[in-house]
Amino acid sequence: MKYNCNKMREFASAIMQKNGLSKQKSDLFAESLIAADMRGISSHGVTRLKTYAYRLEAGLVDAHAETPALILMDANNGLGVPAAMDAMKLCVEKAKTIGCCFAAVKGGNHFGMGEFFTDYAAQNGMIGIAMTNGPAALAPIGGKKAILGTNPLAVSVPSEKYRTVSLDMATSVVARGKVTLAKKNGKKIPEGWAIDKDGHSTTDPNKVSCMLPFGGAKGYGIGLLIELMCCGLAGAKSGLTMGSFYDFSGKKQDVGYFIGAINVGAVVEEQKFKEQSDVILTSIKESPRAEDCDEIYLPGEIELNRAEQAQREGMEISDVVVKELEEISMKYKVPFN
């Protein structure tokens, strides 16, 4: 079924406020969550609201944590979305005067959709970059034990004629959240997404032991570099030692982020950069199409189209996820209309 995006934002924000998060941070968090669903990235949308809320309630995430304005930052076990946005805003401000700025962040929690932060930089005329490590879920090439997280990378670039061009991808074939969502909905996963405990390919989400890297050795290599930057630079936990998003035993996640902004205006006139971007993007959009292709899309364009459609017509949510939302609606006494 489809649900009103604005009402769903209000609901998600109200749930988080019930668990001690400030209205400002709850609204920011809800905006990030709903933005994922609107773009069709349901693995990082309201399907995670119940777990986010329970982690706050259980004290596994500090609702009152504040992030100091330092290049090496400590999220103080705060909710991932506000902490990562604090880092990006700091980088954008500093990049206005020094050209570029990056922040290594430790003590974080799952921050959802990376594009949410990089798009902020692009809206300020900068190139935004965000990456994070995560709990071990991905086997190295030739292995059958999870060592690395699915370690996503997001980059957003501004242009004049086109909407922001954004790449937001896991370094696994797909995000682990898509396997979790398939398990919730009782559906199989495609061949080549994951392997079982014996290292064999599986289509049963209940038998998944490890995710597989995209592009074979290339995805494995990029995921490893992200692990080294997020863990080594920030001093956060590695994929093997950090807490799981779904673990309520009391272990903190201590995720690491590497977030930054490049001020294109410090290198070249911003308008010239955007015009040059438009030339390249137009050459792609207007390039000859294959016989069975109706349109050539830019990175992030399909998701933006879905978001605009969702704003008009409502966002699609599976019945299984709706049941979870109704469950926390009753638990926290927030009406789910």
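Note: the structure precedes this text.
These numbers come from a predicted model, not from an experiment.

Contact geometry for helix 1 (residues 5-18) and helix 2 (residues 23-38): axes closest at 8 Å, N-to-C directions at 135 degrees. Classified by the angle their axes make, helix 1 and helix 2 are oblique. Seen from above, helix 1 lies across helix 2 with right-handed handedness. Seen from helix 1, the contacting residues are Cys5, Met8, Arg9, Ala12, Ser13, Met16 and Gln17; seen from helix 2, they are Lys23, Ser26, Asp27, Phe29, Ala30, Glu31, Ile34 and Met38. Taken together, the residues of the contact of helix 1 with helix 2 break down into 8 nonpolar, 3 polar and 4 charged.

Turning to the sheet that holds strand 2 (residues 72-74), a few remarks are in order. Reading across from one edge, 2-3-10-4-5-6 is the order of the 6 strands in this open sheet, with mixed pairing throughout. The sheet is open, and its two edges are formed by strand 2 and strand 6 (165-169), each paired on a single side. Across the sheet, the mean angle separating the axes of adjacent strands is 15 degrees when strand polarity is ignored. Direction of pairing for strand 3 (residues 100-108) relative to strand 10 (residues 255-263): antiparallel, over a ladder of 7 bridges. By the bridge assignment, Val105 is partnered in strand 10 with Tyr257. Sheet strands touched by helix 4 (residues 80-98): strand 2, strand 3, strand 4 (126-132) and strand 10. Its angle to strand 10, the strand with the most contacts, is close to 30 degrees.

Ranked by internal contacts, the top residues of the largest apolar core, which has 66 residues, are Met8, Leu49 and Leu325. Element by element, the count of residues in this core is highest for helix 4, at 10 residues. Beyond its immediate stretch of four places on either side in the chain, Met8 contacts Tyr3, Ile34, Val46, Met315, Ile317, Leu325 and Phe336.

Pairing between the strands of a sheet is mediated by backbone hydrogen bonds and can be parallel or antiparallel. Here we have 3 strands laid out as an open sheet, ordered 8-7-9, and antiparallel in their pairing. Strands with a single pairing partner mark the edges of an open sheet, and in this sheet they are strand 8 (201-202) and strand 9 (210-211). Across 2 bridges, the pairing between strand 7 (residues 194-195) and strand 9 is antiparallel. Paired with Ala194 across the two strands is Met211, which belongs to strand 9.

Taking 1.5 Å as the rise per residue, helix 2 with 16 residues should run 22 Å; its terminal C-alpha atoms sit 22 Å apart, in good agreement. Extensive coverage of helix 2 is indicated by the burial of 12 of its 16 residues. Of all the residues in helix 2, the buried ones are Lys25, Ser26, Leu28, Phe29, Ala30, Ser32, Leu33, Ile34, Ala35, Ala36, Asp37 and Met38. Each element contacted by the buried residues of helix 2 is listed here: helix 1, helix 3 (49-57), helix 4, helix 5 (115-123), helix 9 (301-313) and strand 11 (315-316). One or two positions beyond helix 2, positive phi appears at Gly40, with a value near 85 degrees.

Cut-off values and rules
Sequence positions are assigned chain by chain, starting from 1 and proceeding in written order. Only residues with pLDDT of at least 70 are given local features in this predicted model, and only at 80 or more are side-chain atom pairs given and counted; all residues enter the totals for whole chains, interfaces and linings. Note: side-chain values were computed over all heavy atoms of the structure, leaving out hydrogens and water. Lines fitted to C-alpha atoms define the axes here, with helix axes fitted over just the stretch in contact, and angles between the N-to-C directions of these axes take values from 0 to 180 degrees. Numbering of helices and strands starts at the N terminus; helices are DSSP runs of H or I of at least 4 residues and strands are runs of E of at least 2. When an angle is under 35 degrees it counts as roughly parallel; over 145 it counts as roughly antiparallel; between 65 and 115 it counts as roughly perpendicular; any other value is oblique. Should the near helix be turned counterclockwise from the far one by less than a right angle, the crossing is left-handed, whereas a clockwise turn marks it as right-handed. Whether two residues touch is decided by their heavy atoms; if any such pair falls within 4.5 Å, the residues are in contact. Gly falls in the polar group here, along with every residue not listed as nonpolar (Ala, Val, Leu, Ile, Met, Phe, Trp, Tyr, Cys, Pro) or charged (Asp, Glu, Lys, Arg). By this definition, two strands are paired if DSSP reports at least two bridges between them. Throughout this description, the term nonpolar core refers to a set of buried Ala, Val, Leu, Ile, Met, Phe, Trp, Tyr and Cys residues connected via side-chain atoms within 4.5 Å. Accessibility here uses a 1.4 Å probe with only protein chains present; expressed as a share of the type maximum, an area under 20% marks a residue as buried, one over 50% as exposed, and anything in between as partly exposed. By definition here, a helix of n residues has an expected span of 1.5 Å times n minus one.

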